[in-house]
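For reference, the chains in residue letters:
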Protein chains: 2
Amino acid sequence: MSPRTAPAAASAPAEMAETAEIAELASHLRLTIARLNRRVRQQAAITGEELTASSQAALATIERLGPIALGELAAVEQVQPPSMTRIVARLEEWGYVTRVVDPADRRVARAAITDAGRELLARSRTRKEAFLAQRVAELSASERDLLARALPLLERLQDDAP
Amino acid sequence: MSPRTAPAAASAPAEMAETAEIAELASHLRLTIARLNRRVRQQAAITGEELTASSQAALATIERLGPIALGELAAVEQVQPPSMTRIVARLEEWGYVTRVVDPADRRVARAAITDAGRELLARSRTRKEAFLAQRVAELSASERDLLARALPLLERLQDDAP
DNA sequence: TATTGTTATACTCTATAACTATA
DNA sequence: TATAGTTATAGAGTATAACAATA
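Every chain is numbered on its own, with residues counted from 1 as its sequence reads. Chains and ligands are labelled sequentially in the order written, the chains with letters from A and the ligands with numbers from 1. Only residues with pLDDT of at least 70 get local features here, since the model is predicted, and only at 80 or more are side-chain atom pairs given and counted; chain-wide, interface and lining totals rely on the full set of residues. Side-chain metrics in this entry use all non-hydrogen atoms of the structure; hydrogen atoms and water are not considered.

S.K.: If you had to explain the relation of the copies chain B and chain A to someone new, which residues and values would you point to?
M.R.: Superposing copies: least-squares fit, C-alpha atoms only, residues required to have pLDDT of at least 70 in both. Relative to chain A, chain B is turned by 179° and slid 0.0 Å along the rotation axis, the superposed coordinates differing by an RMSD of 0.1 Å. Here the transformation between the copies is reduced to the relation of a two-fold axis. Contacts are assigned to residue pairs with any non-hydrogen atoms lying within 4.5 Å of each other. When the interface residues of chain B are mapped onto chain A, 100% of them again fall at the interface, so both copies present the same face.

Structure (structure tokens):
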């Protein structure tokens, strides 16, 4: 079974307190995520990061899921198809992906990563000069460990249909 | 002293591995934060959340730091002054804040929260129907605890000048 | 002159609606 | 007809540059 628990209602005092605590945590998380995201995006613009977070996330997914249909990619990345069309068009323009029409069903366009794309991802993953990496480096080892363990939870919060 | 450590360079093999791990963590964190933020924003738009994350974050800071000058508020929220002018103008329009000109220095405009603003914040903090709150509720108690402990770290990553 | 905030303008990201090509 | 993707268009959020008011 899954490690998730889903309280249906809050009746006893303890459960009500828990519900309030959950709502508070969610609210706090939302604000923190938004602020941190803004900060990172701004800093990336200033220091001339190579890709925006959306483009980089799409590229990472293209690398991970091989030649992937744009519709599927849009679903994975939680954006609408037209947005993904744009993102992939730009990645292609810059030489990080290629688009191949599926021979079996010529309506389908698949995106595949290029060597340049792979190099870019590898580079960004080891960029120790980037803003966020510098900040992470300022944490203690145990704090980084805590962050690393919390990361899968953040990913799960955004996953589709539980 | 602070619990932070800042390795100046990576010379020994162990340090190099650590540096790579830090960069990887930062990269992963960036992508996760961006995706989660996108998801939350999108969902908020769909379900008609009362305020966007930026506005709500600004409002929360106005509540916390009392009548605050717009420039200071912009610095705290990590946005440029013109952006904050817009955000506060909208909050004022909707009746959640008031703007008062500082009598001592009439160039300064201070934003203060209204009763309606306080009520809105309280409401949003206990909104258990919101997308993120539902997802957080699906975590186990120990997972929520982990998240709660990681949150201050995320806040510190975005703080100014280490 | 220097500082605080505003106005004017533009850019990026993303969405919805309408369209094209293929099945 | 139904589906995959694209084009056209619009809106939110934020930035920079130029400006006004006050010190």
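S.K.: Can you explain the protein's contact with DNA strand D? Please cite residues and give values.
M.R.: The criterion for a residue being near a molecule or strand is simple. One of its heavy atoms has to lie within 4 Å of it. The local shell around DNA strand D holds 24 residues, among which Gly 71, Thr 85 and Arg 99 of chain A together with Thr 52 and Ser 83 of chain B are the closest. A share of 74% of the atoms of DNA strand D within 4 Å of the protein falls on sugar and phosphate groups. A distance of 2.7 Å is found between a phosphate oxygen of DNA strand D and a backbone nitrogen or oxygen belonging to Gly 71 of chain A. Residue assignment for the surface near DNA strand D shows that the elements contributing at least two residues are helix H1 (13–46), helix H3 (70–77) and helix H4 (81–93) of chain A together with helix H4 (81–93) of chain B. The leading source of residues in the surface near DNA strand D is H4 of chain B, at five residues. For this scheme, ten residues count as nonpolar: Ala, Val, Leu, Ile, Met, Phe, Trp, Tyr, Cys and Pro. Four count as charged, namely Asp, Glu, Lys and Arg, and the remainder, Gly too, count as polar. Of the residues assigned to the surface near DNA strand D, the class counts are nine nonpolar, seven polar and eight charged. In protein, a polar contact requires one atom able to donate a hydrogen and another able to accept it; more generally it is a pair of N or O atoms within 3.5 Å, and residues adjacent in sequence count only if both atoms are side-chain atoms. In this description a helix means any DSSP run of H or I spanning at least four residues, a strand means any run of E spanning at least two, and both kinds are numbered starting from the N terminus.

S.K.: Tell me about the protein's contact with DNA strand C, and please be specific about residues and values.
M.R.: Around DNA strand C, a shell composed of 24 residues is seen, among which Thr 52 and Ser 83 of chain A together with Gly 71, Thr 85 and Arg 99 of chain B lie nearest. Those atoms of DNA strand C that come within 4 Å of the protein belong to sugar or phosphate at a rate of 76%. The contact in question runs from a phosphate oxygen of DNA strand C to an N or O atom on the side chain of Ser 54 of chain A, over 2.9 Å. Interatomic distance of 2.5 Å between a side-chain N/O atom of Thr 85 of chain B and a phosphate oxygen of DNA strand C. Listed by contribution, the elements that provide at least two residues to the surface near DNA strand C are H4 of chain A together with helix H1 (13–46), helix H3 (70–77) and H4 of chain B. No other element matches H4 of chain A, which puts five residues into the surface near DNA strand C.

S.K.: Can you explain the interface of chain B and chain A? Please cite residues and give values.
M.R.: Frequently, the measure chosen for interface size is the accessible area removed from exposure when the parts meet. Facing 75 residues of chain B, the contacting portion of chain A comprises 75 residues. Carbon and sulfur atoms supply 62% of the area buried between chain B and chain A, which totals about 7300 Å² over both sides. Reported buried area values correspond to the accessible surface (1.4 Å probe) lost by two parts on association, with both partners' losses combined. Looking only at chain B, the three residues that lose the most surface to chain A are Arg 30, Arg 35 and Leu 157 of chain B, adding up to 10% of its buried area. Salt bridges are defined as contacts in which a side-chain nitrogen from Lys or Arg sits within 4 Å of a carboxyl oxygen from Asp or Glu. For the pair chain B and chain A, the number of links is eight salt bridges. For Glu 143 of chain A, the salt bridge goes to Arg 156 of chain B, with nearest N and O atoms at 3.2 Å. Linking chain B with chain A are 25 residue pairs in polar contact (both at pLDDT 80 or more). For the side of chain B that touches chain A, the secondary-structure elements that each account for two or more residues are H1, helix H2 (53–64), helix H5 (115–125), helix H6 (131–137) and helix H7 (141–158) of chain B.

S.K.: Can you break down the packing of helix H2 (residues 53–64) of chain A against H3 of chain A residue by residue, with the values?
M.R.: Packed helices, taken two at a time, are described by the angle between their axes plus the distance between the axes. Residue and element names in this part refer to chain A. At their nearest, the axes of H2 and H3 sit 10 Å apart, and the two run at 120° to each other. Between H2 and H3, the crossing angle belongs to the class labelled oblique. As for the relative orientation of H2 and H3, their crossing is right-handed in sense. Only Leu 73, Val 76 and Glu 77 of H3 make contact with H2, whose side of the interface consists of Ala 57, Ala 58, Thr 61, Ile 62 and Arg 64. To obtain an axis, a line is fitted to C-alpha atoms, over the contacting stretch when the element is a helix, and the angle between two such axes runs from 0 to 180 degrees between their N-to-C directions. These descriptions rest on fixed angle ranges, namely under 35 degrees for roughly parallel, over 145 for roughly antiparallel, 65 to 115 for roughly perpendicular, and the rest for oblique. What makes a crossing left-handed is the near helix being turned counterclockwise from the far one by less than a right angle; a clockwise turn instead makes it right-handed.

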